[in-house]
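Next come the chains, spelled out residue by residue.
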Amino acid sequence: MTLAPLSTSVAPGPRPSASLSTTIAFQRDPLGYLSKALERYGNVVRVPVLGMPMVVINHPDDVKKVLQDNHVDFDKDAKIFELVSPLLGDGLISVVGGASWMSRRRLLQPAFHRRRIEDMMRVMSAHTEDMLQRWSGFASGGTDIDVGREMSNLTLRIVARTLFAIDIGADGQTHPYAQALDVFMKELSAYLKFPVIPLRVPTPSHRRFWRNLRIMDGFVYDMISRYRAGTAEDQGDLLYMLINAQDADTGEKMDDRQLRDEISSFLFAGHETSANALTWTIQTLTEHPDVESRLRAEIDSVLGDREPTMADLPKLTYLAAVINENLRINPPIWQIMRNARVDNELGGYRVPAGSNVFWSPYLVHRNPDFWPEPEKFDPDRFAPEIARSIHKGAFIPFSAGPRICIGNTFALAEIQLILTRILQRFHFESRTELPLRKVPEATVRPNKPIRIALQPR
Ligand code: HEM
């Protein structure tokens, strides 16, 4: 069989000599800049960002090709992962090389088995209950709440407990781990916005970055040594499971550094993402009272006042549709990148080996050829009979293909459970002045706190 020759034309885009102005425009408003570039040049654009030139794709066929059909040709040794390497190290998110990734994923996959998630739902539920108790106090005192902060505290408490058995407490702000993470994430966001001065240069901001990362690592290493010394008991957490896990082929166990890299990666991937999805969903419900009442009606009829179990979740189809439609409009992870390992072709253009191939779920989810009226919030797009025919590369909040988010079932169970419990207990009303601007940082955040007032049901 003769293979068709690869296209010789490279994708259109701004001239490489415009890389300084492109970089400034991209740093200022990445989503606005990219959306205009895609409108102007089409679904594949070459964007000459300084130090990180990118081929940006926006057609679901190309996304599917990179993530699934030709995934071996595209790996994670792309620039963006280098930037977050102090945090992620060689953990599952950033590990490069099909074989290394595969053996690690095999080792970790059992942690996300349905039965384990069912157990973890008990932790999610207990911590949600604590939060709702506090909310009752706010409701009777007439105090508004900052939804983003509340969701972030709750999801951090859940992952810290389920990943490495520390309890950061109900308010989520006074524990030294939570305080260090808060400062660290601020410094990381600042660095990612303008990653020009290397982190090893000891600016005051970089010093804060390293100091707080060391504090966070200290907690993980302390737990590792307590487990190894047998002075702490198995608490059903991921760390305990990993300490004892053995590679199926080599029989090897993970060393302390590998354990730390995995725990940090999971914490980074599994905390702000879920909090962000919950925050935007709550805000969106306040703007769509019709959707909110349909959702409450479903929860009342399936569950009444009782807590949802894993077995209940498939029955809550409208809840799943609301969550998915929010993940389409507000995907927490807005940028993904791969390195093209060999010469390739995307959208009919040549993509040379070594290119940073970039796409934004935020923009792919707004491709009007696949999502008519993309800005309209319409959960019925995800009604079960319609959802089956959605293109595999058109809805990618958790990515797709072999490197799809390992925590997606955990995250969906967590989001469903938390939203259900909130809706069972409270009515809420927005206290946020609209419009909100979306600010792409590690996740896409609102430009001001989302505040709601609560009334008990
Ligand atoms: C709404 C919540 C979440 C969203 C939107 C999300 C999104 C994603 C996306 C887009 C990727 C692919 C990144 C890439 O290819 O570069 C990913 C990978 C990953 N996520 Fe999630 N995630 C969520 C929650 C979680 C949770 C709760 C955990 C763990 C507790 C987690 C752990 C991971 C890990 C370890 C990977 C790397 C998987 C691999 O490469 O094999 N995520 N996630």
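Residues numbered from 1 in each chain as written. Predicted model: local features only at pLDDT ≥ 70, side-chain atom pairs only at ≥ 80, totals over all residues. Heavy atoms only, no water.

Colleague: Mind laying out the pairing of strand 5 (residues 336–340), listing which residues take part and the relevant values?
Modeller: The element strand 5 is extensively covered by neighbouring structure, given that five of its five residues are classed as buried. Neither face of strand 5 is exposed, since Ile336, Arg338 and Ala340 on one face and Met337 and Asn339 on the opposite face are all buried. Judged from the two bridges that link them, strand 3 (residues 74–75) and strand 5 form a sheet pairing that is antiparallel. Across the sheet, phenylalanine 74 pairs through a bridge with alanine 340, a residue of strand 5. Where strand 5 meets strand 8 (residues 356–359), four bridges bridge the pair, whose relative direction is antiparallel. When the sheet's bridge partners are listed, methionine 337 is paired in strand 8 with phenylalanine 358. (Buried < 20%, exposed > 50% of the residue type's maximum accessible area, 1.4 Å probe, protein only. Helix = DSSP H or I, 4+ residues; strand = E, 2+ residues; numbered from the N terminus. Pairing = 2+ DSSP bridges.)

Colleague: Explain the pattern of salt bridges residue by residue, including any values.
Modeller: Pairing is possible between side chains of opposite charge, provided their charged atoms come close. For the coordinates displayed, the defined rule picks out 30 salt bridges. A salt bridge links arginine 403 to aspartate 75, with the shortest nitrogen-to-oxygen separation between them at 3.7 Å. One end of the pair, arginine 403, is in the loop between helix 17 (384–387) and helix 18 (408–425); the other, aspartate 75, is in strand 3, with 328 residues separating them in the sequence. We classify arginine 403 as buried; its relative accessible area is 16%. Glutamate 129 is the partner of arginine 425 in a salt bridge, and the nearest nitrogen-oxygen pair spans 2.6 Å. (Salt bridge = Lys/Arg side-chain N within 4 Å of Asp/Glu carboxyl O.)

Colleague: Give a description of the packing of aromatic side chains that names residues and reports values.
Modeller: A full pass over the atoms with the stated rule returns twelve aromatic pairs. Where phenylalanine 112 meets phenylalanine 266, the ring centres are 5.6 Å apart and the plane angle is 10°; that geometry is what we call stacked. Residue phenylalanine 112 is located in the loop between helix 6 (98–108) and helix 7 (114–141), and its partner phenylalanine 266 is located in helix 12 (residues 256–270); the two are separated by 154 residues in the primary sequence. No difference in accessibility class separates phenylalanine 112 from phenylalanine 266, as the two residues are buried. One cation-aromatic arrangement involves arginine 366 over tyrosine 362; the distance from NZ or CZ to the ring centre is 3.7 Å. (Phe/Tyr/Trp six-rings, centres within 6.5 Å; stacked < 30°, edge-to-face > 60°. Lys NZ or Arg CZ within 6 Å of the ring centre and 35° of its normal.)

Colleague: Could you give me a rundown of the environment of methionine 120, with the residues and numbers involved?
Modeller: Mapped onto the fold, methionine 120 is located in helix 7. Along the chain, methionine 120 and proline 449 lie 329 residues apart, while their C-alpha atoms are 29 Å from each other. Contacts of methionine 120, omitting those with residues within four sequence positions, involve Ala111, Thr162 and Phe410. (Contact = heavy atoms within 4.5 Å.)

Colleague: So what's going on with the sheet that holds strand 4 (residues 145–146)? Residues and values would help.
Modeller: Sheet architecture is open: three strands sit in the order 4-12-9, paired in antiparallel fashion. Each having just a single partner strand, strand 4 and strand 9 (426–430) make up the two edges of the open sheet. Where strand 9 lies against strand 12 (residues 451–456), five bridges are found, and the strand directions are antiparallel. Paired with histidine 427 across the bridge in strand 12 is glutamine 455.

Colleague: Help me get a handle on the coordination of the iron atom of the ligand, residues and values and all.
Modeller: Coordination of the iron atom of the ligand by the protein involves just one donor, Cys405 (SG), at a distance of 2.3 Å. For cysteine 405, the location among the structural elements is in the loop between helix 17 and helix 18. (Donors = N, O, S within 2.8 Å, 3.2 Å for Na, K, Ca; no water.)

Don't take any of this as a statement about function, it's just geometry.
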